[in-house]
Amino acid sequence: MQTKFARRITTASRSFTRTILDLTAQNKIISFAGGLPDAALFPKERIAFHAKALLESDDARLFQYSNASGVDALKNEIAKQYASANPKEIMLTNGSQQGLDLVCKTFLDEKDCIVVEDPSYLAALGLFHMYNATIKAVPLHANGVDITALEKLFHEAKPKFFYTIPIFQNPTGYSYSLENRHEVVRLAKQYHVILLEDSPYEALRYDGKPSISFADLLPELTIALGTFSKTLAPDFRIGWMKAPSEVISALTLSKESTDLQNSKFFQHVCARMMQNGEIAEHVKTLIAHYRPKRNAMVNALKHSFKESIEFVIPEGGMFIWVDFKACDDSMKLFDKAIEKGVAFVPGSVFFADKRISSYGRLNYTNSSLEQIEEGVKALHTAYVELQSAL
């Protein structure tokens, strides 16, 4: 049977991270690959408490259809996180990934141009390719994007939006400086380009001062994406979008034709946990556990690799972006590392053009301190053996 799939499916490639997650499901592999929270820290008791209370309320509306934009109580709490927002500017999504999809569905016609950071989040790149967008990439540095290059792209390519992860970026862990943010805002205003701001890691800050989001600096031209996957539980699939009300209305139309609504039950659980401050307290717990893990990976990398690699210590988030200077193609290092029982994500998958790269992304939140030390040693062994074989 010759099934006639749409071209977007026949030309799509499987996410490399999903491939790695399948591979590293084996217990013998220490995985620095996926961007996973530590499962031991999920607040199961508090979730169970609120779930039980909701079930005992005997409110049948919990299990009925509702509007596409989500539970009002949760939208109210999310709106409080922004300097100036009201619940009408918030829409709940099935994870922030659905938010990305709805933006593409609402704004993109075939071949429309969008700008991304170089490198960028690989699942977003895969999605943009599926919509057959014209993807232009702007160089990203430790303190933000190349403003000269960004202005050239805004002027010449006239993109529909600029997809940015300005705080603890995936894959690099970099954060835009305040000066860089203001320059991006200036250009967005001048060329009337929407800023599609993705902030899944913003709450996980270990050092430094809180940053000002584009959603607060330029609310009229920003679509902000957020998620509870990193701060509560990925399986709840609760994300949100914050945007001007007319944009939310258009996105809601797209969502209604996609899935009608999200499941409400865990939205109510989440709302209750926000209202009584439990999520804020849980984030403090995450930070208390993740900061030592980040420090352990930084120290292990410095001890094992010394001057043979380069990286910037992130102030938060889940990742360290390492330049394996003696290895031009980190995909080769990945193959050797798997032989040694450790996994990471090679840098090439994070570039829109998939170019060969010496970089790799290492996650530290989903490993124990012992696994971090053991895994970095194994990675160094693979690095040395690969250099010897070249």
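Here, the structure is the one placed above.
Remember, it's a predicted structure, so these values are computed and weren't measured experimentally.

A few words now on helix H5 (residues 95-107). Taking 1.5 Å per residue as the helical rise, H5 with its 13 residues ought to reach 18 Å, and the 19 Å between its terminal C-alpha atoms agrees with that figure. Gly95, Ser96, Gln98, Gly99, Leu100, Leu102, Val103, Cys104 and Phe107 are the residues of H5 that are buried.

Time to look at the pattern of salt bridges. Summed over the entire model, instances satisfying the criterion amount to 18 salt bridges. The partner of arginine 355 in a salt bridge is aspartate 118, and the shortest N-O contact between them spans 2.8 Å. You can see arginine 355 sitting in the loop between strand S13 (345-346) and strand S14 (359-363) and its partner aspartate 118 sitting in strand S3 (residues 113-118), a full 237 residues away along the chain. Through salt bridges with shared partners, a single network forms among Asp118, Asp353 and Arg355.

Below, the discussion takes up helix H8 (residues 178-191). Each turn of an α-helix holds 3.6 residues, which means side chains three or four residues apart point in the same direction. For H8, which comprises 14 residues, the first-to-last C-alpha distance of 20 Å matches the rise-based estimate of 20 Å (1.5 Å per residue) to within 8%. Among the residues of H8, Asn180, Arg181, Val184, Val185, Leu187 and Ala188 are the ones counted as buried. Here the buried residues of H8 occupy an arc of 165° about the axis, which is enough to place them on one side. With respect to the buried face of H8, the exposed residues turned more than 90 degrees away are Glu179 and Lys189. At its buried positions, H8 is contacted by strand S5 (144-145), helix H7 (147-157), strand S6 (161-164), strand S7 (194-198) and helix H9 (214-217). With its phi angle positive at about 50°, histidine 192 sits one or two positions after the end of H8.

Basis of the calculations
Residues numbered from 1 in each chain as written. Predicted model: local features only at pLDDT ≥ 70, side-chain atom pairs only at ≥ 80, totals over all residues. Heavy atoms only, no water. Helix = DSSP H or I, 4+ residues; strand = E, 2+ residues; numbered from the N terminus. Expected span 1.5 Å × (residues − 1). Buried < 20%, exposed > 50% of the residue type's maximum accessible area, 1.4 Å probe, protein only. Salt bridge = Lys/Arg side-chain N within 4 Å of Asp/Glu carboxyl O. Arc of directions from axis to C-beta. Contact = heavy atoms within 4.5 Å.

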